Amino acid sequence: MTRPQLIAVAAALFAAAPLAAQKSPVPTPASILGYEPGADRHLPSWKQITDYFRAVEKTSPRVQVHELGKTTLGRPFLAVFISDSATLKHLDRYQMIQRKLMNPRLRGKDELENLLAAGKNIILITSAIHSTESGGFTTPLVLTDRLARGDTPEARAILANTIIMLVPSQNPDGVDIVGDWYRATLGTKAEGTAPPELYHKYVGHDDNRDWYAFTQKETRYTVDSLYTPWDPQIVNDIHQQGSGAGRIFLPPYMDPLDPNIDPILTAGTNSMGMAIGWRMIGEGKTGIAYNAAYDQWSPARQYSLYHRGVRILTETASALLASPIEIPFSSLGAARGYEAKTVTWNFPALWPGGHWSYGDIVAYQVSASWAMLAQAARDRRTWLESYAALGDRALAADHPWTHDSVPAAFVIPRAQRDTQAVQRLIWTLQHGQVEVRSSTAPVNVNGTTYPAGSFVVLTSQPMGGYAKSVLERQKYPNLHEYPGGPPIRPYDVTAQTLPLLFGVDVATLVAAPVASAAPIVPMDEPTYTVAGLSDRTARRIAIYRPYSGNAMDEGWTRWLFDVNRIPFTSIVDRDVRAGNLNARFDVIILTDQNAGQMTRGLGQNYPDSLQGGLGTLGAVALAAFVENGGTLLAFNEASNYAIENLKLPVKNVLAGVRNTDFYAPGSILSVEIKRDHPLGSRMTAPVPAIWFENGPAFEITDPARATAVATYQAAGDPLLSGWLLGGAKLNGKAAMVDVTLGKGHAVLYGFRPQYRGQSMATQPLIWGAIARP
């Protein structure tokens, strides 16, 4: 189903959803679960959660439940609309008001005042995207109960002034993956541990890094059915953090701030976060931290801040899933931005330590979300006025939404070597509400003329700041703990330049006007195909799957192969240790993982059958596999494992280097590709670029046995987008090496060639290595 069809279906669902009469008492969560929500050692299943929401919908006119589709593993994906009954009867009307407030081009000359008087504050609450953050399974039930059954003046004000779109879990599959593991291990040494697998079929924790690439079904449901039709004023993203410092984080965020985010949204986020904390401290809650740990950079996880909505991230301290813990005050430590035993402006009320339970987690999360709802209802008019101003500023010629320089447009020529990459770029932009037009005359950019019919993205458009952020090259600030000290680690990564990641030529037009037609119709996502490998291939491919809940790179690799319809087999430790691998496979892929973890495997808390890692037997088996004619691909840190255990004539020149001397926490770097080599021959990117994140760089010690397929420039800074310290250490070093060992090959990638499903530019380096006979 195309994206416009999905949006149309969602609109029809909202317009046609029946409002049940209140025939019987609204059920409580406990009546469905069989225990009080937040009880120790009890996690609800996804069926129990959906049963609760279905039961409430049948008895409360304040609640509508919509199934947006099926998850990756086939569970229902829910969105729950909560407001007073009069509002829910006319959702289509309020959606139109919201669209007109968002886009001034849609409203009449004198219509604004009426829209402000009639509109509602649209609030999206997303929960449990990270499934080991299990308080998010229960908090939506408690919030809904307070709204569906509540009759206090505050509850009535919330219902009258807001429309709440609640996603009970952004990852329903993970609710059961984690919950089933937890219930199966209760009373054992593994109680409270994370499951030994990803809690999303493909991406695990990275499901919250998919907000501009839109690769996963669950991301698309929320974007297509909630963000795009509504563009909420406020988004509350419910998460959990470690237990060793504060009890909850609230905005403001730490520096840096992406310059493409309107200051109105930054100020609104800061104001709301502080207001929530003020109320929570008044309720007696302590250990509340602001301006700590989390920065305001990248649409990968800050999507709403680029789409008109403040983002209220809450990060509550965890327990052992639903099992309680004891934390003495003396054991509390420091987090980024504060020390948990010291009162500071951004940590004003110390938590005394002691017992911390699943119920405490739920109580803090509910308190924060309720305080947000109350404030949004109380200041409805102010939020709507601010929201309308954002629309005017987005279209203003002087770009008041940023202090950064803003080009007039980005030009994307249609005729490019990788047609799939161009189509994906246009689809991705449009999916993020970016208007893409077609030039009606040739466009000259810095002496190069692009023909009429080229794609054009104007920056003066409703989502111009978002378009600029994903199309331009990032310049992450050079931040250090102190002068000459270590770099301040970003919360995630520092670059998201789609033209470099996808391998597409995009020109930046600084000031000249562009003659262009109306926005083009939505483009379909391409059908991804790899010549010689998709649908059928004689190559027998295996992807090593470690027992780990953090092996996202392995999951992304499986996703990449599945979306390109390339058959493969997953193998685990015992399969590798058993040896005789050549009888089953021609190619084995080791995805990004620490070499020591690969060898050791899981710790003693896990069942014996899952322990052991690859061990000595696995290393011997992999070496024999290559020597007997197999091809081994090792991504990023897994290259260190291959170098050490296969005794390869390659040295990682970055091993042991301090971060004050070299640091690249997720950046895009320039390389030179040996295109006459079989592994480099499929590369088509106009600017050869790799995704570098805490990876190795190689020096070949025996040129007779190894060839550099990708090499960093001999001099100068290889940084293209993001942040890089000490780039000279890469000069002349290899980024990708093909090593001959016996009859086979070991291919070392000092980067992630399939990074989060985004780096289409370097995926051909995988296909070339697999396809080589």
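### A closer look at the overall build of the protein
Logical step 1: For the protein, the count of helices and strands is 22 helices and 33 strands.
Logical step 2: The globule rule puts the C-alpha radius of gyration for 773 residues at 28 Å, and the 26 Å found for the protein is close to it.
Logical step 3: Considered along the principal axes of its C-alpha atoms, the protein spans approximately 80 × 70 × 55 Å.
Logical step 4: Relative to its 773 residues, the protein shows a buried fraction of 62%.
Logical step 5: Here the contacts in the protein between residues at least 6 apart in sequence split such that 80% fall between residues at least 24 apart.
Logical step 6: Carbon and sulfur atoms provide 53% of the accessible area of the protein, an area that totals close to 26,900 Å².
Logical step 7: Distance between charge centres in the protein, computed from 69 positive and 68 negative side chains, equals 3 Å.

### Topic: the sheet that holds strand S3 (residues 121–127)
Neighbouring strands of a sheet are bound in pairs by backbone hydrogen bonds; such pairs are parallel or else antiparallel.
Logical step 1: Read from one edge of the open sheet, 8 strands run S1-S2-S4-S3-S5-S10-S6-S8, paired in mixed fashion. Edge positions in the sheet fall to strand S1 (63–70) and strand S8 (288–290), since each of these pairs with one other strand and no more. If you compare each strand with its neighbour and ignore which way they point, the axes differ by 20 degrees on average.

### Looking at the packing of aromatic side chains
Logical step 1: Within the structure shown, the criterion is met by 27 aromatic pairs.
Logical step 2: With centroids separated by 5.9 Å and ring planes inclined at 90 degrees, the aromatic side chains of Phe-214 and Tyr-303 adopt a geometry described as edge-to-face. With Phe-214 in the loop between helix H9 (172–185) and helix H10 (217–230) and Tyr-303 in the loop between strand S9 (295–296) and strand S10 (310–317), this pair connects stretches of sequence that are 89 residues apart. Both residues of the pair, Phe-214 and Tyr-303, count as buried.

### A closer look at the pattern of salt bridges
Logical step 1: According to the stated counting rule, one finds 39 salt bridges in the structure shown.
Logical step 2: With its nearest N and O atoms 2.9 Å apart, the salt bridge here joins Glu-113 to Arg-381. Placement of the pair is Glu-113 in helix H6 (residues 112–118) and Arg-381 in helix H13 (residues 380–395), with a sequence separation of 268 residues.
Logical step 3: Look at Glu-113 and you get partly exposed, because its relative accessible area is 43%.

### What about the sheet that holds strand S15 (residues 409–412)?
Logical step 1: Sheet architecture is open: 4 strands sit in the order S16-S19-S15-S20, paired in antiparallel fashion. Among the strands making up the open sheet, the edge pair consists of strand S16 (437–438) and strand S20 (507–509).
Logical step 2: Across 3 bridges, the pairing between S15 and S20 is antiparallel. Within the sheet, the bridge partner assigned to Phe-410 lies in S20 and is Thr-508.

### Considerations on the confidence of the model for the protein
Logical step 1: Overall, the predicted model of the protein reaches an average pLDDT of 96, with 97% of residues at or above 70.
Logical step 2: Confidence drops under a pLDDT of 50 for residues 15–22, and excluding neighbours within four residues, the segment shows 15 contacts in the predicted structure.

### Here's the deal with the side chain of Gln-216
Logical step 1: The residue Gln-216 is located in the loop between H9 and H10 in this model.
Logical step 2: A distance of 3.0 Å separates polar atoms of two side chains, one belonging to Gln-216 and the other to Thr-215.
Logical step 3: In this view, Gln-216 contacts His-200, Tyr-202, Val-203, Asp-210, Trp-556 and Trp-559; residues no more than four positions away in its chain are not counted.

### Some points on the pairing of strand S11 (residues 325–328)
Logical step 1: By the alternation rule, side chains of S11 split into Ile-325 and Ile-327, which are all buried, and Glu-326 and Pro-328, of which none is buried.
Logical step 2: Two strands pair when backbone bridges link them, and S11 and strand S14 (residues 353–356) are joined in this way by 4 bridges, in the antiparallel orientation. Along S14, the bridge assignment pairs Glu-326 with His-355.

### Quick word on the side chain of Ser-45
Logical step 1: Tracing the backbone shows Ser-45 in the loop between helix H2 (29–33) and helix H3 (46–59).
Logical step 2: Taking relative accessible area as the criterion, Ser-45 reaches 17% and is therefore assigned buried.
Logical step 3: For Ser-45, the contacting residues outside a window of four places in its chain are Val-175, Asp-176 and Arg-183.

### Focus: helix H21 (residues 638–645)
Note: α-helices contain 3.6 residues per turn, so residues at a spacing of three or four share the same orientation.
Logical step 1: Looking at H21, one finds that the buried residues are Ala-638, Ser-639, Tyr-641, Ala-642 and Ile-643.
Logical step 2: Within two residues after H21, Lys-647 carries a phi angle of roughly 55 degrees, on the positive side.

### Observations concerning the pairing of strand S19 (residues 455–458)
Logical step 1: Alignment of S15 against S19, held across 4 bridges, turns out to be antiparallel. Looking across to S19, one finds that Ala-409 is bridged to Leu-458.
Logical step 2: The pairing of S16 with S19 spans 2 bridges and is classified as antiparallel. Paired with Arg-437 across the strands is Val-456, a residue of S19.

### Brief notes about the environment of Asp-717
Logical step 1: Checked against the element boundaries, Asp-717 lands in the loop between strand S30 (706–711) and strand S31 (719–721).
Logical step 2: Sequence-wise, Asp-717 and Leu-669 are 48 residues apart; in three dimensions their C-alpha atoms are separated by 8.9 Å.

### Thoughts on the environment of Arg-105
Logical step 1: With respect to the helices and strands, Arg-105 occurs in the loop between helix H5 (91–102) and H6.
Logical step 2: Overall, the relative accessible area of 41% leaves Arg-105 in the partly exposed class.
Logical step 3: Taking C-alpha positions, Arg-105 is 15 Å from Thr-459, a pair spaced 354 residues apart along the chain.
Logical step 4: Among all residues touching Arg-105, those that are not within four sequence positions of it are Leu-395, Glu-435, Arg-437 and Pro-462.
Logical step 5: A distance of 2.3 Å separates polar atoms of two side chains, one belonging to Arg-105 and the other to Glu-435.

### Comments concerning the packing of H5 against H13
Logical step 1: Between H5 and H13, the shortest axis-to-axis distance is 7 Å and the interhelical angle comes to 55 degrees. Taken together, the axes of H5 and H13 are oblique relative to one another. Residue-level contacts link Gln-98, Leu-101 and Met-102 of H5 to Leu-384, Tyr-387, Ala-388 and Gly-391 of H13.
Logical step 2: Along the lines of polarity and charge, the residues of the contact of H5 with H13 split into 5 nonpolar, 2 polar and no charged.

### Observations concerning unusual backbone geometry
Logical step 1: Note the cis peptide between Pro-251 and Pro-252, where omega equals 15 degrees.
Logical step 2: Within the secondary structure layout, Pro-252 lies in the loop between strand S6 (248–250) and strand S7 (254–257).
Logical step 3: Of the consecutive residues Asp-255 and Pro-256, the connecting peptide bond is found in the cis state with omega at 5 degrees.
Logical step 4: Here Leu-321, not a glycine, exhibits a phi torsion of approximately 55 degrees, which is positive.

### Digging into the environment of Ala-190
Logical step 1: Here Ala-190 is to be found in the loop between H9 and H10.
Logical step 2: Considering only alpha carbons, one finds Ala-190 and Asn-605, 415 residues apart in sequence, at a separation of 5.0 Å.
Logical step 3: Contacts of Ala-190, omitting those with residues within four sequence positions, involve Trp-181, Thr-185 and Asn-605.

### Topic: helix H11 (residues 263–282)
Logical step 1: Taking 1.5 Å of rise per residue, the 20 residues of H11 would be expected to cover 28 Å, and the 29 Å separating its terminal C-alpha atoms lies within 8% of that figure.
Logical step 2: Taken together, the buried positions of H11 are occupied by Leu-265, Thr-266, Gly-268, Thr-269, Met-272, Gly-273, Ile-276, Gly-277 and Met-280. Down the axis of H11, the smallest arc covering the buried residues is 165 degrees, so these residues share one side. When the buried face of H11 is taken as reference, the exposed residues oriented beyond 90 degrees from it are Trp-278 and Gly-282.
Logical step 3: Its side-chain oxygen placed 2.8 Å from the backbone nitrogen of Ile-264, Asp-262 serves as the N-cap of H11.
Logical step 4: Where H11 terminates, the next one or two residues include Gly-284, which has phi positive at roughly 100 degrees.

Quick notes on the rules
- Residues numbered from 1 in each chain as written.
- Predicted model: local features only at pLDDT ≥ 70, side-chain atom pairs only at ≥ 80, totals over all residues.
- Heavy atoms only, no water.
- Helix = DSSP H or I, 4+ residues; strand = E, 2+ residues; numbered from the N terminus.
- Rg over C-alpha atoms; globule rule 2.2 N^0.38 Å.
- Buried < 20%, exposed > 50% of the residue type's maximum accessible area, 1.4 Å probe, protein only.
- Contact = heavy atoms within 4.5 Å.
- Areas by Shrake-Rupley, 256 points an atom, 1.4 Å probe, with all protein chains shown as cover.
- Lys, Arg positive; Asp, Glu negative; His and termini not counted.
- Charge placed at Lys NZ, Arg CZ, Asp CG, Glu CD.
- Pairing = 2+ DSSP bridges.
- Axes fitted to C-alpha atoms, helices over the stretch in contact; angles between N-to-C directions.
- Phe/Tyr/Trp six-rings, centres within 6.5 Å; stacked < 30°, edge-to-face > 60°.
- Salt bridge = Lys/Arg side-chain N within 4 Å of Asp/Glu carboxyl O.
- pLDDT = per-residue confidence, 0-100.
- Polar contact = N/O pair within 3.5 Å; in protein donor to acceptor, adjacent residues only side chain to side chain.
- Parallel < 35°, antiparallel > 145°, perpendicular 65-115°, else oblique.
- Nonpolar A, V, L, I, M, F, W, Y, C, P; charged D, E, K, R; others polar.
- Expected span 1.5 Å × (residues − 1).
- Arc of directions from axis to C-beta.

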